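Report on the structure
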Amino acid sequence: MNSSSKVSFQALNRTKLVDDVVIQLQKTISSGELKHGDKIPTEPELMEQFGVGRSTIREAVRVLVHAGLLEKKQGFGTYLASTPVIQEPLEHRLRRAEIVEVYEVRKMLELEISRLAAERREDQDLEHMRRHLDQRREALDKGDTHGYLNADIEFHIAIAVASKNHVVVDLYRTFSSALREALYKLAKEKEGHDPNTEIHEKIYEAIKNKDVSAAEHWTLRNLDGTVGQLRERMGRT
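All of the points below concern the structure found in this document. Model, not experiment: these values are computed from the prediction.

The secondary structure content of the protein chain amounts to 10 helices and 2 strands. Along its sequence from the N terminus, the protein chain presents helices and strands in the succession α-α-α-β-β-α-α-α-α-α-α-α. Here the protein chain holds 237 residues, and 42% of them are scored as buried. Considering only contacts within the protein chain whose residues lie at least 6 apart along the sequence, 72% involve residues at least 24 apart.

Have a look at this one:
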C-alpha cells in the first residue's frame, strides 16, 4: 500500500484543536490526496505537521475511525478505509463542514423543495407560510434579529412541509439547525445584509399560484444572495 507521509498540513493556532485536525484530515480525504487503502502519516508525523500533542492526534483519528473513514490495523497503523461507509450522523458531519459548503448543499435541496411545494401545497400550508412571513417582517421592523431568524427558518420549513416528503423535511430541519448560528452572525451584520423580504414574498406567491418555474426562480435568487454574503464574510471568492 502507498505511504502518505508526503501529505502536508498547516500548523494550528486555534483553540479547538481536535476539531481543527479532524477538519484538515477530512478535507485531505475528500480531495483525493489520500486514496482508499493508503496509510495515513504516523502519529509523530502528524504531531509535527499539526503542531499538537499526541492526545489531540489520537482523538481526531478516533473521530474519523468512528465515522467510518479511517480504519486501524493492529500493528500496522491507520489507513483510509478501503470501502468507507459513513456512519457518522449527518448533524455531526455538518458541524465540522465549511458553512458555505453546507449552504451550497442546502441550495440544491431547497430548489427541489420549492418545486414540489408549488405542485403539492395545500391551503393549510399557505396559512403557515403566511404567518411566518408576517412574523419575519414584524421582527425585522422591531430590529429583533433572533425573532427574524427563527421566523425565516420556520417559513422555509413550512415550504418543506408543503413538499409532502417527510424525508426532505427531516433533512431540511437538520441543515437549518447547522446553519442557524452562522446565519445569526450574518444577520447581525447590518451593513451589507439583505433580508430579501421582497424575494420571500415572491416565493410565497409562486407557491400559492402553483407556479413551479417562478418558485424555482425566486428560490435561486434568494439562495444565491445568501451564499454570496457568506462567501464575502468568510473572505472567499
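Another aspect to go through is unusual backbone geometry. For Lys164, which is not glycine, the phi dihedral falls at a positive 65°. We note that Lys210 has phi near 55°; this positive angle belongs to a residue other than glycine. With respect to the helices, strands and loops of the structure, Lys210 is situated in the loop between α9 (197–208) and α10 (212–233). A relative accessible area of 46% places Lys210 in the partly exposed class.

Attention now moves to the pattern of salt bridges. Tallied over the full model, the rule gives 14 salt bridges. Two residues, Lys107 and Asp224, come together in a salt bridge whose shortest N-O distance is 2.7 Å. Placement of the pair is Lys107 in helix α5 (residues 99–120) and Asp224 in helix α10, with a sequence separation of 117 residues. Asp224 gets classed as partly exposed once you look at its relative accessible area, which sits at 38%. Residue Arg137 is joined to Glu201 by a salt bridge in which the shortest nitrogen-to-oxygen separation is 3.3 Å. Note that Arg137 is positioned in helix α6 (residues 123–142) and Glu201 in helix α9, a separation of 64 residues in sequence.

Of all hydrophobic cores here, the largest spans 36 residues; its most connected members are Ile113, Met129, Phe155, Ile159, Ile203 and Ile207. Breaking this core down by element, the ones donating at least two residues are α5, α6, α7 (145–162), α8 (166–188), α9 and α10. Leave out the neighbours within four places in its chain, and Ile207 touches Ser114, Ala117, Ala118, Arg121, Leu126, Met129, Ile159 and Ala215. Judged by nonpolar contacts, the second largest core, of 18 residues, contains Phe9, Val21, Leu34 and Val52.

What follows is about a nonpolar patch on the surface. On the surface, Leu90, Val167 and Leu171 cluster together into a nonpolar patch covering about 230 Å² of accessible area. Structurally, Val167 can be placed in helix α8.

What describes a pair of aromatic rings is the distance from one ring centre to the other and the angle between the planes of the rings. In the structure shown here, the tally under the stated rule is 0 aromatic pairs. The lysine or arginine in question, Arg130, covers the ring of Tyr204, its NZ or CZ lying 4.9 Å from the ring centre.

In this section: the environment of Arg54. With respect to the element layout, Arg54 can be found in helix α3 (residues 54–66). Sequence spacing of Arg54 and Pro44 is 10 residues, and the spatial spacing of their C-alpha atoms is 7.6 Å. Not counting residues up to four positions away in its chain, the partners in contact with Arg54 are Glu43 and Met47. A polar atom in the side chain of Arg54 sits 2.6 Å from the side chain of Glu43.

Between the first and last C-alpha of α3 there are 18 Å, a value that for 13 residues agrees with the 18 Å anticipated at 1.5 Å per step. Check the buried side of α3 and you find it contacts α1 (17–31), α2 (43–50), β1 (70–73) and β2 (77–80). In the segment just after α3, Gly68 is the residue with positive phi, at about 95°.

At a minimum axis distance of 7 Å, the contact between α5 and α7 shows a crossing angle of 60°. By the angle between their axes, α5 is oblique relative to α7. The chirality of how α5 crosses α7 is left-handed. Across the interface between the two elements, Arg106, Glu110, Ile113, Ser114, Leu116, Ala117 and Arg120 from α5 touch His156, Ile159, Ala160 and Ala162 from α7. Partitioned by chemical class, the residues of the contact of α5 with α7 number 6 nonpolar, 2 polar and 3 charged.

Here β1 pairs with β2 via 4 bridges, running antiparallel. Paired with Glu71 across the bridge in β2 is Tyr79.

Each value, and the rule that gives it
Residues numbered from 1 in each chain as written. Predicted model: local features only at pLDDT ≥ 70, side-chain atom pairs only at ≥ 80, totals over all residues. Heavy atoms only, no water. Helix = DSSP H or I, 4+ residues; strand = E, 2+ residues; numbered from the N terminus. Buried < 20%, exposed > 50% of the residue type's maximum accessible area, 1.4 Å probe, protein only. Contact = heavy atoms within 4.5 Å. Salt bridge = Lys/Arg side-chain N within 4 Å of Asp/Glu carboxyl O. Core = buried A, V, L, I, M, F, W, Y, C linked by side-chain atoms within 4.5 Å. Patch = residues over 30% accessible without salt bridge, like charges linked within 9 Å, V, L, I, M, F, W, Y side chains within 5 Å. Areas by Shrake-Rupley, 256 points an atom, 1.4 Å probe, with all protein chains shown as cover. Phe/Tyr/Trp six-rings, centres within 6.5 Å; stacked < 30°, edge-to-face > 60°. Lys NZ or Arg CZ within 6 Å of the ring centre and 35° of its normal. Polar contact = N/O pair within 3.5 Å; in protein donor to acceptor, adjacent residues only side chain to side chain. Expected span 1.5 Å × (residues − 1). Axes fitted to C-alpha atoms, helices over the stretch in contact; angles between N-to-C directions. Parallel < 35°, antiparallel > 145°, perpendicular 65-115°, else oblique. Left-handed = near helix turned anticlockwise from the far one by under 90°. Nonpolar A, V, L, I, M, F, W, Y, C, P; charged D, E, K, R; others polar. Pairing = 2+ DSSP bridges.

Keep in mind these values describe shape, not function.
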